[in-house]
Amino acid sequence: MDSNIINPNHKLNFDTQRSFTATFGSHCRETLFPDDPFRQFKNEKGWGRLKTALQYFVPIFEWLPRYNLKLFRFDLLAGITITSLAIPQGISYAKLANIPPIIGLYSSFVPPLIYAVFGSSKHLAVGTVAACSLLIAESIGDEVSANDDPKLYLDLVFTAAFITGIFQTALGILRLGILVDFLSHSTITGFMGGTAIIICLQQLKGFLGITHFTHKTDVVHVLQAVFKQRHEWRWESALLGFIFLVFLQFTRYLRKRKPKLFWVSAMAPMLVVLVGGLFAYFAHGEKHGIAIVGHLHRGLNPLSINRLNFDSKYLPATLKAGLVTGLIALAEGIAIGRSFAIMKNEQIDGNKEMIAFGFMNIAGSLTSCYLTTGPFSKTAVNFNAGCRTAMSNVVMAIGMMLVLLVLAPLFSYTPLVALSTIIMSAMFGLVDYEEAYHLFKVDKFDFLICMAAFLGVSFISMDYGLILSVGLALLRALLYVARPATCRLGKIPDSTLFRDIQQYPASQRVPGVLVLQLGSPIYFANCNYIRERILRWIRDEEGGPDSTQVEHVLLDLTGVTSIDTTGIETLLEIHRMLDTRGIKIAIINPRLDVLEKLTRSHFVDKFGKESIFLGVEDAIESSLFFLKKDTSTE
């Protein structure tokens, strides 16, 4: 019997058939352009379209024409504040990457200028980050020693930054930000926590004044090195470091208790550097085992384009460092930018951010900078300081330029123990115990992914920890595909709604009719499971305490977004199997993509249009009609 006789006003549309070009274009738009970035060009013509395009691709042209002195006052204060943080962080993280400290200062001059032009975030502050600095040191240090051949090591660092820039730009232009999505929140939480632990332990070298240390980054080797070199421990360095660390932690505590005093915490690292430098100069710290940074020469970034090294012998190491750090930098920078944008009810374009990060790392690699992104600490300070636009990055770049031209030599006496305490204090905030506990309470598998990254980074290596965590996350995604959610539907009393009977126990079953809902694409990976699960539903229905003979099986495909040829053959197989048992099967509300494939494969012709319905209510009415007809016939 045709379903249209049951309810002629509700018809399933079999006539809509799109061409391959239309289907392919639709899928590409949804995959690559889910945010419909070109919607703003639709109503523009001529010069207006060119102007809109320029503002879209180069965001500075969007906000700069509206810029005024009132906004600049806020950005000036924020820029000066983050400059004071960028100086000690730049020197500290450069030492963490085993490169000259001046490179850390260079990296806060050119990249922020590039980001101010192409970046879409108003609050993101550009700079170096500890995790990527350590990962660069680990990846390239395995191939070339920073102590034995510092020039080649630095060349490879610049090359890795160049590869990172190309990689990030390509992802943005091709709109492949989906790759960043594979670094889940759980993975990032665990990775950052594990990185913070090993970075803190590595800073014991500077904290205790040790001169000989391991190049390994895992907890076991670092602790072995610390206790093996007990004869090199210097109590003077440890005492000074303890004082600095207590001071820094106190300022962080003060900022949490009184958010308006954020500037105290922001200025604290610079104060530690200045006080430590004065102490080392007047007390002749080097004679007492307190090592200092050493000479920092004046001048702006020299070009490093001639230092890029693509020798096949070292290319695997630079590729590994560039791609892995580039992906982590994107995930961290975009996540941080979005977090602060949400606080202001704003949005940022992830693909624009990828292009901006890529451009600034390409430009940075050619001007003696290493990898930069949007660090959380500096961005938080920038946000709390009241920045209004990306002009705060320009102010920071100008401030850094003045430091490089005039003040750089003054930081030559900065004690390494001061830099170690600055890094340790910053890392303490990255071990997010509360978030890990939250993951444990909400989702045990997410917690497992988090701990895989944390323990892998801490006890094996950073790259293996990341691979292990991402692998578990992908395994979970595959399990969702291979074992899709299925449920039996029942009717909610006094309504036309059909819902999961396990979630709504009061929902009513229809005798003789089994309504099942499939909640994922039907692919080759889950076809066997779906077939066996449907048969098990039938066995459970017929063999349970309230057993009834199943005469109709209705499959609600509302949640099935796609189907492949194996899935189509599986539906036909289920149809044949049930038909031999005298059970009729019907399909409810297949989506457009699914219905098109079912039609092209001639499934609809074999299955019958009369067995495909628009809604559950129509399908049940048709089933009940047949049940009554069969009963009256008997």
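A quick note: this is a predicted structure, and the numbers were derived from the prediction, not measured. (Residues numbered from 1 in each chain as written. Predicted model: local features only at pLDDT ≥ 70, side-chain atom pairs only at ≥ 80, totals over all residues. Heavy atoms only, no water.)

J.: Describe the overall build of the chain, listing the residues and the values that go with them.
T.: Within the chain, the secondary structure is distributed over 27 helices and six strands. Considered along the principal axes of its C-alpha atoms, the chain spans approximately 110 × 65 × 55 Å. Per-residue burial for the chain yields a buried fraction of 53% across its 634 residues. When contacts within the chain are restricted to residue pairs at least 6 apart in sequence, those whose partners lie at least 24 apart make up 80%. Carbon and sulfur atoms form 62% of the exposed surface of the chain, whose accessible area is close to 30,600 Å². Separation between the mean location of the 58 positive side-chain charges and that of the 52 negative ones in the chain comes to 9 Å. (Helix = DSSP H or I, 4+ residues; strand = E, 2+ residues; numbered from the N terminus. Buried < 20%, exposed > 50% of the residue type's maximum accessible area, 1.4 Å probe, protein only. Contact = heavy atoms within 4.5 Å. Areas by Shrake-Rupley, 256 points an atom, 1.4 Å probe, with all protein chains shown as cover. Lys, Arg positive; Asp, Glu negative; His and termini not counted. Charge placed at Lys NZ, Arg CZ, Asp CG, Glu CD.)

J.: Hey, could you go over a nonpolar patch on the surface for me, with residue numbers and the actual values?
T.: Together, Val-220, Leu-455, Phe-459, Ile-460, Tyr-464 and Ile-467 line one region of the surface with nonpolar side chains, adding up to about 600 Å² of accessible area. Among the elements of the structure, helix 21 (444-459) and helix 22 (462-482) are those that each provide at least two residues to the nonpolar patch. Residue Phe-459 is classed as partly exposed on the basis of its relative accessible area of 45%. (Patch = residues over 30% accessible without salt bridge, like charges linked within 9 Å, V, L, I, M, F, W, Y side chains within 5 Å. Salt bridge = Lys/Arg side-chain N within 4 Å of Asp/Glu carboxyl O.)

J.: If you had to explain the packing of helix 10 (residues 185-202) against helix 12 (residues 219-228) to someone new, which residues and values would you point to?
T.: Closest axis-to-axis distance for the helix 10/helix 12 pair is 10 Å, and the angle between their directions is 15 degrees. One finds that helix 10 runs roughly parallel with respect to helix 12. Viewed along their axes, helix 10 and helix 12 form a crossing whose handedness is left-handed. Residue-level inspection shows Ile-197, Ile-198, Leu-201 and Gln-202 of helix 10 in contact with helix 12, the latter providing Val-219, Val-222 and Leu-223. Taken together, the residues that form the contact of helix 10 with helix 12 break down as six nonpolar, one polar and no charged. (Axes fitted to C-alpha atoms, helices over the stretch in contact; angles between N-to-C directions. Parallel < 35°, antiparallel > 145°, perpendicular 65-115°, else oblique. Left-handed = near helix turned anticlockwise from the far one by under 90°. Nonpolar A, V, L, I, M, F, W, Y, C, P; charged D, E, K, R; others polar.)

J.: Any chance you could break down the layout of surface pockets for me, citing the residues and the numbers?
T.: Considered as a void within the structure, the second largest pocket measures approximately 1,100 Å³ in volume. Around the second largest pocket, the lining comprises 43 residues; the ones closest to its centre are Lys-95, Leu-96, Asn-98, Asn-147 and Lys-205. Secondary-structure elements contributing two or more residues to the lining of the second largest pocket are helix 5 (69-96), helix 8 (130-141), helix 9 (150-173), helix 11 (204-208) and helix 19 (416-428). Sorting elements by how many residues they give to the lining of the second largest pocket places helix 19 first, with five residues. (1 Å grid on protein atoms, 1.4 Å probe; cavity = no way out; pocket = protein on both sides within 12 Å on 5 of 7 lines; lining within 4 Å. Points joined across faces, edges and corners; volume = space filled by probe spheres on them.)

J.: Any details on the confidence of the model for the chain? Residues and values, ideally.
T.: When pLDDT is averaged across the chain, the result is 84; 90% of the residues are at 70 or more. Counting interchain partners and residues more than four positions distant, the pLDDT-below-50 stretch residues 1-9 has 14 contacts. (pLDDT = per-residue confidence, 0-100.)

J.: Can you explain unusual backbone geometry? Please cite residues and give values.
T.: With phi around 60 degrees, Asp-494 is a residue other than glycine that occupies positive phi space. Positionally, Asp-494 belongs in the loop between strand 1 (486-491) and strand 2 (498-500).

J.: For the pattern of salt bridges, give the residues involved together with the corresponding values.
T.: A side chain of one charge can pair with a side chain of the opposite charge if their charged atoms are brought near each other. On inspection of all chains with the given rule, the structure shows 11 salt bridges. Residue Arg-234 is joined to Glu-236 by a salt bridge in which the shortest nitrogen-to-oxygen separation is 3.6 Å. Residue Arg-234 is classed as partly exposed on the basis of its relative accessible area of 31%. In the salt-bridge network here, residues are joined through shared partners; they are Lys-151, Asp-155 and Arg-307.

J.: Let's hear about the nonpolar core: which residues, and what values?
T.: Among the nonpolar cores identified, the biggest contains 114 residues, and Ile-99 and Phe-191 are the most heavily contacted of them. In terms of residues, this core owes the most to one element, helix 9, which gives 10 residues. Sequence-distant contacts of Phe-191, defined by excluding residues within four places in its chain, comprise Ala-131, Ile-328, Ala-453, Val-457, Met-462 and Leu-466. Grouped together as the second largest cluster of nonpolar side chains are 31 residues, Ile-522, Leu-557, Leu-572 and Phe-603 included. (Core = buried A, V, L, I, M, F, W, Y, C linked by side-chain atoms within 4.5 Å.)

J.: Go over the sheet that holds strand 5 (residues 584-588), please, and point to the residues and values.
T.: The strand order across the open sheet built from six strands is 2-1-3-4-5-6, with neighbouring strands paired in mixed fashion. If you trace the sheet from one side to the other, it starts and ends with strand 2 and strand 6 (612-613), each paired once. Pairing of strand 3 (residues 513-518) with strand 4 (residues 552-556) involves five bridges; the strand directions are parallel. Looking across to strand 4, one finds that Gln-517 is bridged to Asp-556. Helix 24 (residues 565-580) rests against strand 4 and strand 5 of the sheet, and its axis sits at about 150 degrees to strand 5. (Pairing = 2+ DSSP bridges.)

J.: Before we move on, could you go through the packing of aromatic side chains and cite the residues and values that matter?
T.: Applying the stated criterion across every chain yields a total of 11 aromatic pairs. Consider the rings of Tyr-56 and Phe-57, whose centres lie 5.0 Å apart with planes at 85 degrees: the pair is edge-to-face. With a relative accessible area of 53%, Phe-57 lands in the exposed category. Arranged with centres 5.7 Å apart and planes meeting at 65 degrees, the rings of Trp-63 and Tyr-67 form a pair that is edge-to-face. One exposure class covers both Trp-63 and Tyr-67, and it is buried. Here Lys-444 stacks its cationic end above the ring of Phe-440, 4.7 Å away from the centre of that ring. (Phe/Tyr/Trp six-rings, centres within 6.5 Å; stacked < 30°, edge-to-face > 60°. Lys NZ or Arg CZ within 6 Å of the ring centre and 35° of its normal.)

J.: How would you explain the pairing of strand 5 if you had to name every residue and give the values?
T.: Counting buried positions along strand 5 gives four out of five residues, so the element sits mostly inside the fold. Two strands pair when backbone bridges link them, and strand 4 and strand 5 are joined in this way by five bridges, in the parallel orientation. Opposite Leu-554, over in strand 5, you have Ala-586 as the bridge partner. Once you follow strand 4 into helix 24 and on to strand 5, the crossover reads as right-handed. Sheet topology places strand 5 next to strand 6; two bridges connect them, and they run parallel. The residue of strand 6 that forms the bridge with Ile-587 is Ile-612. (Right-handed = clockwise from strand over helix to strand, strands pointing away.)

J.: Give me the packing of helix 9 against helix 15 (residues 315-343): which residues, what numbers.
T.: Two numbers describe a pair of packed helices, the interaxial angle and the distance between the axes. Running from N to C, helix 9 and helix 15 cross one another at 50 degrees; their axes reach a closest spacing of 8 Å. When the interaxial angle is binned, helix 9 and helix 15 end up oblique. Here helix 9 runs over helix 15; the crossing is right-handed. Facing Leu-156, Thr-159, Ala-160, Ile-163, Thr-164, Phe-167, Gln-168 and Leu-171 of helix 9, the residues of helix 15 in contact are Thr-318, Leu-319, Ala-321, Gly-322, Leu-323, Thr-325, Gly-326, Leu-327, Ala-329 and Leu-330. Classifying every residue of the contact of helix 9 with helix 15 gives 11 nonpolar, seven polar and no charged.

J.: Please set out the side chain of Thr-372 residue by residue, giving values where relevant.
T.: Turning to its location among the elements, Thr-372 is positioned in the loop between helix 16 (350-365) and helix 17 (376-384). A relative accessible area of 1% places Thr-372 in the buried class. With residues up to four places along the chain from it excluded, the contact list for Thr-372 reads Ser-107, Pro-111, Val-126, Gly-127, Thr-128, Met-360 and Asn-361.

J.: Give me a positive patch on the surface: which residues, what numbers.
T.: Among the surface-exposed residues, Lys-70, Arg-73, Lys-344 and Arg-388 lie close enough to one another that they form a single positively charged patch. Looking at where Arg-388 falls in the secondary structure, it is placed in the loop between helix 17 and helix 18 (391-407).

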